[in-house]
Amino acid sequence: MPRTVRDVVFVDGVRTPFGKAGPKGIYHETRADDLVVKAIRELLRRNPGLDPKKIDEVAIAATTQIGDQGLTIGRTAGILAGLPQSVPGYSIDRMCAGALTAVTSVAGSVAFGAYDIAVAGGVEHMGRHPMGEGVDPNPRFVSEKLVDESALFMGMTAENLHDRYPQITKQRADEYAVRSQEKAAKAYANGKIQADLVPISVRRTNPEAGETGWGLVTADEPMRPGTTLENLSGLKTPFRVHGRVTAGNAAGLNDGATASLIASEDFARENNLPVKMRLVSYSFAGVEPEVMGYGPIPATEKALAQAGLSISDIGLFEINEAFAVQVLAFLDHYGIADDDERVNQYGGAIAFGHPLASSGVRLMTQLARQFEEQPHVRYGLNTMCVGFGMGATVIWENPHFDGGNK
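Residues numbered from 1 in each chain as written. Predicted model: local features only at pLDDT ≥ 70, side-chain atom pairs only at ≥ 80, totals over all residues. Heavy atoms only, no water.

Draft legend 1. Geometry of helix H6 (residues 170–189). Across its 20 residues, H6 extends 29 Å between first and last C-alpha, which sits within 8% of the 28 Å expected from 1.5 Å per residue. What H6 keeps buried is the set Lys 170, Arg 172, Ala 173, Asp 174, Tyr 176, Ala 177, Val 178, Ser 180, Gln 181, Ala 184, Ala 187 and Tyr 188. Turning to H6, the residues buried within the fold contact helix H5 (154–164), helix H7 (229–233), helix H10 (324–334) and helix H11 (349–352). In the stretch just after H6, Gly 191 is the one whose phi turns positive, near 70 degrees. (Helix = DSSP H or I, 4+ residues; strand = E, 2+ residues; numbered from the N terminus. Expected span 1.5 Å × (residues − 1). Buried < 20%, exposed > 50% of the residue type's maximum accessible area, 1.4 Å probe, protein only. Contact = heavy atoms within 4.5 Å.)

Draft legend 2. Representation of the packing of aromatic side chains. Summed over all chains, the structure comprises six aromatic pairs. Each ring, one from Phe 10 and one from Trp 396, has its centre 5.9 Å from the other, and the planes form 75 degrees; the classification is edge-to-face. With Phe 10 in strand E1 (residues 8–15) and Trp 396 in strand E12 (residues 390–397), this pair connects stretches of sequence that are 386 residues apart. Arranged with centres 6.4 Å apart and planes meeting at 45 degrees, the rings of Tyr 188 and Phe 352 form a pair that is tilted. Within this pair, whereas Tyr 188 is found in helix H6, its partner Phe 352 is found in helix H11, the two being separated by 164 residues in sequence. Ring-pair connections join several aromatic residues into one group, and the members of that group are Phe 317, Phe 330 and Tyr 334. One residue, Arg 15, lies across the ring of Phe 18, its end atom 4.5 Å from the ring centre. A cation over an aromatic ring shows up here: Arg 94 above the ring of Phe 284, its NZ or CZ 3.8 Å from the ring centre. (Phe/Tyr/Trp six-rings, centres within 6.5 Å; stacked < 30°, edge-to-face > 60°. Lys NZ or Arg CZ within 6 Å of the ring centre and 35° of its normal.)

Draft legend 3. The arrangement of the packing of helix H3 (residues 98–112) against helix H12 (residues 359–373) in detail. Where H3 contacts H12, the two axes come as close as 5 Å, and the packing angle between them is 70 degrees. Considered as vectors, H3 and H12 are oriented roughly perpendicular to each other. Residue-level inspection shows Ala 99, Leu 100 and Val 103 of H3 in contact with H12, the latter providing Gly 360, Val 361 and Met 364. In the contact of H3 with H12, the residues fall into five nonpolar, one polar and no charged. (Axes fitted to C-alpha atoms, helices over the stretch in contact; angles between N-to-C directions. Parallel < 35°, antiparallel > 145°, perpendicular 65-115°, else oblique. Nonpolar A, V, L, I, M, F, W, Y, C, P; charged D, E, K, R; others polar.)

Draft legend 4. Here's a closer look at a nonpolar patch on the surface. On the surface, Val 142, Leu 152 and Phe 153 cluster together to form a nonpolar patch covering roughly 230 Å² of accessible area. By the element assignment, Leu 152 lies in the loop between helix H4 (140–143) and H5. (Patch = residues over 30% accessible without salt bridge, like charges linked within 9 Å, V, L, I, M, F, W, Y side chains within 5 Å. Areas by Shrake-Rupley, 256 points an atom, 1.4 Å probe, with all protein chains shown as cover. Salt bridge = Lys/Arg side-chain N within 4 Å of Asp/Glu carboxyl O.)

Draft legend 5. Seen up close, the packing of H6 against H10. One way to put it is that H6 packs onto H10 with a least axis distance of 9 Å and a crossing angle of 100 degrees. Our classification of the angle between H6 and H10 gives roughly perpendicular. For the pair H6 and H10, the contacting residues are Arg 172, Ala 173 and Tyr 176 in the first and Ala 324, Val 327, Leu 328 and Asp 332 in the second. For the contact of H6 with H10, a count of residues per class yields five nonpolar, no polar and two charged.

Draft legend 6. Structural view of the pairing of E12. Here E12 lies mainly inside the structure; seven of its eight residues are buried. Two elements, strand E9 (residues 277–286) and E12, share eight bridges in a ladder whose sense is antiparallel. Following the sheet pairing, Ala 285 is matched in E12 by Gly 391. When strand E11 (residues 379–386) meets E12, the two strands line up antiparallel, connected through eight bridges. Residue pairing for E12: Thr 383 is matched across the bridge by Thr 393. Count of turn residues in the E11/E12 antiparallel hairpin: three residues, of which Phe 388 carries a positive phi of about 65 degrees. (Pairing = 2+ DSSP bridges.)

Draft legend 7. How the structure looks around empty space enclosed by the protein. This structure, assessed with the given rule, holds two cavities of 30 Å³ or more. The space that makes up the largest cavity amounts to roughly 60 Å³. It is H12 that contributes the most residues to the lining of the largest cavity, three residues altogether. The residue inventory of the lining of the largest cavity, partitioned by class, reads two nonpolar, two polar and four charged. Each pocket or cavity is described by its volume, and for the second largest cavity that value is around 40 Å³. Lining of the second largest cavity is provided by Phe 10, Asp 12, Gly 13, Asp 196, Lys 276, Thr 365, Ala 368, Arg 369 and Glu 372. No other element matches the four residues that H12 contributes to the lining of the second largest cavity. For the lining of the second largest cavity, the class distribution of residues is two nonpolar, two polar and five charged. (1 Å grid on protein atoms, 1.4 Å probe; cavity = no way out; pocket = protein on both sides within 12 Å on 5 of 7 lines; lining within 4 Å. Points joined across faces, edges and corners; volume = space filled by probe spheres on them.)

Draft legend 8. How the structure looks around the UniProt feature "active site" (unreviewed entry) in the chain. Those places that UniProt annotates as "active site" (unreviewed entry) correspond, in this numbering, to Cys 96, His 354 and Cys 385. In terms of the greatest pairwise C-alpha distance, the residues named above, spread along 290 residues, form a tight cluster of at most 11.9 Å across. Lining the largest pocket, from the residues named above, are Cys 96, His 354 and Cys 385. Inspection of the secondary structure assignment puts Cys 96 in the loop between strand E4 (89–92) and H3. As for its position among the elements, His 354 is in the loop between H11 and H12. The residues contacting His 354, other than those within four sequence positions of it, are Cys 96, Met 126, Ala 251, Gly 252, Asn 254, Asn 320, Ala 322, Ala 349, Ser 359 and Met 384. For His 354, the side chain forms a polar contact with the side chain of Asn 320, separated by 3.4 Å. (UniProt positions renumbered as here; feature names shortened; annotations may be inferred. Polar contact = N/O pair within 3.5 Å; in protein donor to acceptor, adjacent residues only side chain to side chain.)

Draft legend 9. Region of interest: the layout of surface pockets. There is about 1,000 Å³ of room inside the largest pocket. Broken down by secondary-structure element, the contributors of at least two residues to the lining of the largest pocket are H5 and H11.

Draft legend 10. Structural view of the side chain of Glu 290. By the secondary structure assignment, Glu 290 is in the loop between E9 and helix H9 (296–307). Filtering out sequence-adjacent residues up to four positions away, Glu 290 remains in contact with Val 147, Asp 148, Ser 150, Ala 151, Thr 157 and Asn 160.

What follows is the structure, encoded as structure tokens:
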């Protein structure tokens, strides 16, 4: 029996505030799976019309799938969140694009008709599980020169990208980073971010004072409002002597979780669920691992071609800021100005943080919020670079589009 492809929509998305990884970070004493649980519960709280029994799948991404991020976290987090035991789940790893891949994976199943609605998201607790923990790269990668050793270190790949784009200077990267911080601070001041954050109660220990207590996390920890070019100009370049990549023009090491509801448009409307974005196309591409940050360019080319669109049709961009140079390379390729108002209107990962596998859904929730506010924009795009030489892009249509009348 022939099947018809169904329209897929982004119903809702939430995330925890993002924290700094390590002993001083807000989530140092908090389990990774508990962060996912909070996000799933918040989705259900915000959408009381959704019968949890109707959820067909829970797909949760994590890059380092061990410890409290292991044990098929999509399944275990679903049970911990109180979903019926009839709801299955699984885990995904596509490094930085984990949550984005969770969304596209369940979207394909929704379009095919296997699912009506699913939870998709990601988590990374880099404080408990540093990137590369327990990993054993095959020695052939280096001995047979399949990749350069720098491919195994994301900061070095960013320096390599600077080499490829010599016009992207350290000053340009720093200027971009300052704007990201400024836009994020403005978005917070205007209440654009808080609506999609799940407050998290955390246990905090102060060894110096011998105190232990509880607190409520309601905002992203990594943000550095008031950052200036002067602040950034003196930072060390840890990946290369006299390099261009610093802690100031790159995302940090972070902890956090995201979750979203992805459904067929018919199911969403029949169950009175919001329709925040309509899926147009998505694509993944591989590039040389040594210049991982180039990945969004071919991924976007493929996604645009699938959709029959050009870059000029895209009215809003949410680009993950793993490194400023990676965003600037994308903008240079398409002839887009560094400060184009369509790009990362609320700021990006340089300010908010980038807990690897969780970040894709943060990009989506921010784009969905912008769609709601800007009905004159028809199409928006999420894109990100991915470890070991990949890129990922998703194109969405604004269901609130009013024909382009500002």
